[in-house]
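This is what each chain is made of:
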Amino acid sequence: MRAIITGVGHFAPENKLTNKDIEQMVDTNDEWITTRTGIKERRILGKGKGTSFMAVKAAEMVLSQRNISADELDLIIVATVTPDMPVPSTAAIVQKELKTSNCWGFDLNGGCTGFVYALSIASQFVENGKHQKVMVIGADKMSAIVDYEDRNTCVLFGDAAGAVLIEPSNDNLGDNFGIRDFILHMDGSGYNALYVNAGGSLEPASQKTVSKRKHFVKQDGKAVFKRAVKDMADVSIQIMEKNNLTGKDIRFLIPHQANFRIIDAVAKKMDLDENNVVVNIGKYGNTTAATIPMAMSEAYQDNLMKKGDWIVISAFGAGYTWGSCLIKWAIDLPIEGA
């Protein structure tokens with residue numbers, strides 16, 4: 001029995017922050033941003049709404065698509081670096097809003113690799129028979145921790161959520177389809193290349209931390225770029241070779257959408273044509289844990305993925321964290337009785 005993806009959904013706020021808008025905020029311009037990142041615009045969630053709002057919307061899309069009640073869920077995993085609050089978990093708030101009382105859940109902070117981590121955990125819960133329906137959500141309100149006076153970071157991030165439903169394969173599918181493999185890594189020596197200084201137990205919020213703008217995300221762009229290209233490519237190639245596949249076998253690489261130059265470099269190292277790479281960074285920017293499920297959902301809604309397609313997802317994020325997952329797509333349309 002394999003864990004398979006039986007539904008996918010996503011949500012992005014309507015409000016757009018374009019490169020032209022950012023030109024009015026910091027010393028930059030549309031050409032510079034587009035050339036170096038591939039980003040044209042990003043979505044911004046309004047004040048008074050947290051990450052859970054987007055997570056719920058994405059999950060509701062999955063439930064509607066799968067035509068099931070939220071009460072059928074066994075577990076909710078929310079990958080995020082921007083929880084609504086330190087306590088309780090965003091997963092608990094999502095559970096409340098979905099009005100489901102038959103499941104448990106938790107948040108997972110894996111940076112931009114969070115969704116890949118969460119997917120691997122969900123697949124094991126399903127494959128060992130403990131759970132039948134696990135909702136995995138990647139969601140982040142990055143605008144809440146972005147310093148819009150910092151030209152190095154404010155051009156990169158946006159807000160969004162993506163979600164997938166994980167279930168066991170049925171007798172017709174057997175163990176040929178679904179989440180076939182994953183490779184996960186972490187290197188804590190990279191903690192100071194991408195971080196938010198304050199707000200945790202080491203340096204709790206205070207007037208001093210706020211005045212020094214320590215609650216905003218900081219990044220060593222060159223260091224992250226260099227490691228992201230190498231590690232995302234290496235782990236993607238490793239998972240193909242481990243499973244006796246080549247770039248010619250892969251229908252889609254769905255990479256973390258951090259920077260188009262990173263995506264392009266990884267695709268070339270995997271010997272993939274541009275038509276075999278899902279890219280939506282131009283519309284949304286880097287939405288952290290949401291980028292992969294967002295891109296997966298858009299590709300699925302556009303009927304680009306067919307049953308039997310080999311899909312590789314890979315990501316790199318704060319920590320450092322990185323990983324890949326190999327999926328043999330199990331559905332053409334949401335299936336009954338998975």
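Predicted model, so just to flag it, every value in this text is computed and none were measured. (Residues numbered from 1 in each chain as written. Predicted model: local features only at pLDDT ≥ 70, side-chain atom pairs only at ≥ 80, totals over all residues. Heavy atoms only, no water.)

Colleague: Break down the layout of surface pockets for me, citing the residues and quoting the values.
Modeller: Counted as a void, the largest pocket has a volume near 1100 Å³. The wall of the largest pocket is formed by 38 residues, among which Val81, Asn109, Ile145, Val196 and Ala198 lie closest to the centre. Within the residue set of the lining of the largest pocket, elements represented by two or more residues are β5 (104-108) and β9 (194-196). Sort the elements by how many residues they give to the lining of the largest pocket and β9 lands first, with 3 residues. Here the residues of the lining of the largest pocket are counted per class, giving 18 nonpolar, 15 polar and 5 charged. By volume, the second largest pocket amounts to about 500 Å³. Forming the walls of the second largest pocket are 25 residues, and the residues nearest its centre are Asn152, Leu156, Gln219, Gly221 and Asn259. Secondary-structure elements contributing two or more residues to the lining of the second largest pocket are α2 (30-37), α7 (221-242), α8 (260-269) and β12 (310-317). Tallying contributions element by element places α7 first for the lining of the second largest pocket, with 6 residues. (1 Å grid on protein atoms, 1.4 Å probe; cavity = no way out; pocket = protein on both sides within 12 Å on 5 of 7 lines; lining within 4 Å. Points joined across faces, edges and corners; volume = space filled by probe spheres on them. Helix = DSSP H or I, 4+ residues; strand = E, 2+ residues; numbered from the N terminus. Nonpolar A, V, L, I, M, F, W, Y, C, P; charged D, E, K, R; others polar.)

Colleague: Run through α8, naming residues and quoting values.
Modeller: Among all positions of α8, only Ile262, Ile263, Val266 and Ala267 are buried. Along the axis of α8, the buried residues cluster in a sector spanning 130 degrees; they form a single face. Close packing links the buried residues of α8 with α7 and β11 (250-255). A side-chain oxygen of the first residue of α8 lies 2.7 Å from the backbone nitrogen of arginine 261; this N-cap is asparagine 259. Directly after α8, the chain includes aspartate 271, whose backbone phi takes a positive value near 60 degrees. (Buried < 20%, exposed > 50% of the residue type's maximum accessible area, 1.4 Å probe, protein only. Arc of directions from axis to C-beta. Contact = heavy atoms within 4.5 Å. Polar contact = N/O pair within 3.5 Å; in protein donor to acceptor, adjacent residues only side chain to side chain.)

Colleague: So what's going on with the sheet that holds β5? Residues and values would help.
Modeller: Read across the open sheet, the 5 strands follow the order β1-β7-β6-β4-β5; overall the sheet is mixed. Both edges of this open sheet fall to β1 (3-11) and β5, since each of them pairs with a single strand only. Within this sheet the neighbouring strands show an average axis-to-axis angle of 15 degrees, counted without direction. Sheet topology places β1 next to strand β7 (residues 159-168); 8 bridges connect them, and they run antiparallel. Counted as the bridge partner of histidine 10 is glycine 162 from β7. Against the sheet, helix α5 (residues 114-127) contacts β1, β4 (75-79), β5, β6 (134-141) and β7, and its axis sits at roughly 20 degrees relative to β7. Across the sheet, helix α10 (residues 291-301) is in contact with β1, β6 and β7; its angle to β1 comes to roughly 95 degrees. (Pairing = 2+ DSSP bridges. Axes fitted to C-alpha atoms, helices over the stretch in contact; angles between N-to-C directions.)

Colleague: I'd like to hear about the pairing of β7, residue by residue, with values.
Modeller: For a regular strand, the rule is simple: side chains alternate between the two faces of the sheet. Within β7, 10 of the 10 residues are buried, leaving the element largely enclosed by the surrounding structure. Taking every second residue as pointing to the same face, both faces of β7 are buried, with Asp159, Ala161, Ala163, Leu165 and Glu167 on one and Ala160, Gly162, Val164, Ile166 and Pro168 on the other.

Colleague: Describe the packing of α7 against α8, listing the residues and the values that go with them.
Modeller: It is at 9 Å that the axes of α7 and α8 come closest, and there the two elements cross at 35 degrees. The two elements α7 and α8 cross, and the hand of that crossing is right-handed. For the pair α7 and α8, contact is made by Phe225, Ala228, Val229, Lys230, Met232, Ala233 and Ile237 and by Arg261, Ile262, Ala265, Val266 and Lys269, respectively. In terms of residue class, the contact of α7 with α8 is made up of 9 nonpolar, no polar and 3 charged. (Left-handed = near helix turned anticlockwise from the far one by under 90°.)

Colleague: Lay out the pattern of salt bridges in plain terms, naming residues and giving numbers.
Modeller: Enumeration over the complete set of coordinates arrives at 17 salt bridges. Among the ionic pairs, glutamate 41 bridges to lysine 16, the shortest N-O distance being 3.6 Å. Here the residue glutamate 41 occupies a position in strand β3 (residues 41-43), and lysine 16 occupies one in strand β2 (residues 16-18), the gap between them amounting to 25 residues. The exposure class assigned to glutamate 41 is buried, which follows from its relative accessible area of 18%. The exposure class assigned to lysine 16 is partly exposed, which follows from its relative accessible area of 42%. In this structure, glutamate 149 and arginine 213 form a salt bridge, with 3.8 Å as the shortest nitrogen-oxygen distance. With glutamate 149 in the loop between β6 and β7 and arginine 213 in the loop between α6 (207-211) and β10 (217-219), this residue pair connects regions lying 64 residues apart in the sequence. Because the salt bridges share partners, they merge into one network encompassing Arg66, Glu72, Lys133 and Glu167. (Salt bridge = Lys/Arg side-chain N within 4 Å of Asp/Glu carboxyl O.)

Colleague: Give a detailed account of the packing of helix α3 (residues 51-66) against helix α4 (residues 90-98), specifying residues and quantitative values.
Modeller: The geometry of α3 relative to α4 is characterised by a closest axis approach of 9 Å and an angle of 50 degrees between their N-to-C directions. By the angle class used here, α3 and α4 are oblique. As α3 packs across α4, the resulting crossing turns out to be right-handed. Contact residues: Ser52, Ala55, Val56, Ala59, Glu60 and Leu63 in α3; Thr90, Ile93, Val94, Glu97 and Leu98 in α4. Here the contact of α3 with α4 is composed, by residue class, of 7 nonpolar, 2 polar and 2 charged. (Parallel < 35°, antiparallel > 145°, perpendicular 65-115°, else oblique.)

Colleague: Lay out the packing of aromatic side chains in plain terms, naming residues and giving numbers.
Modeller: Overall, the coordinates contain 6 aromatic pairs when judged by the stated rule. Ring centres of phenylalanine 11 and phenylalanine 53 lie 5.8 Å apart, and the angle between their planes is 80 degrees; this geometry places the pair in the edge-to-face category. Of the two residues, phenylalanine 11 is situated in strand β1 and phenylalanine 53 in helix α3; the sequence distance between them amounts to 42 residues. Centroid distance phenylalanine 316 to tyrosine 320: 5.0 Å. Interplanar angle 40 degrees. Geometry classified as tilted. Phenylalanine 316 sits in the buried class, given a relative accessible area of 4%. Feature note: the residues Trp104, Phe106 and Phe125 constitute an aromatic cluster, connected by ring pairs. (Phe/Tyr/Trp six-rings, centres within 6.5 Å; stacked < 30°, edge-to-face > 60°.)

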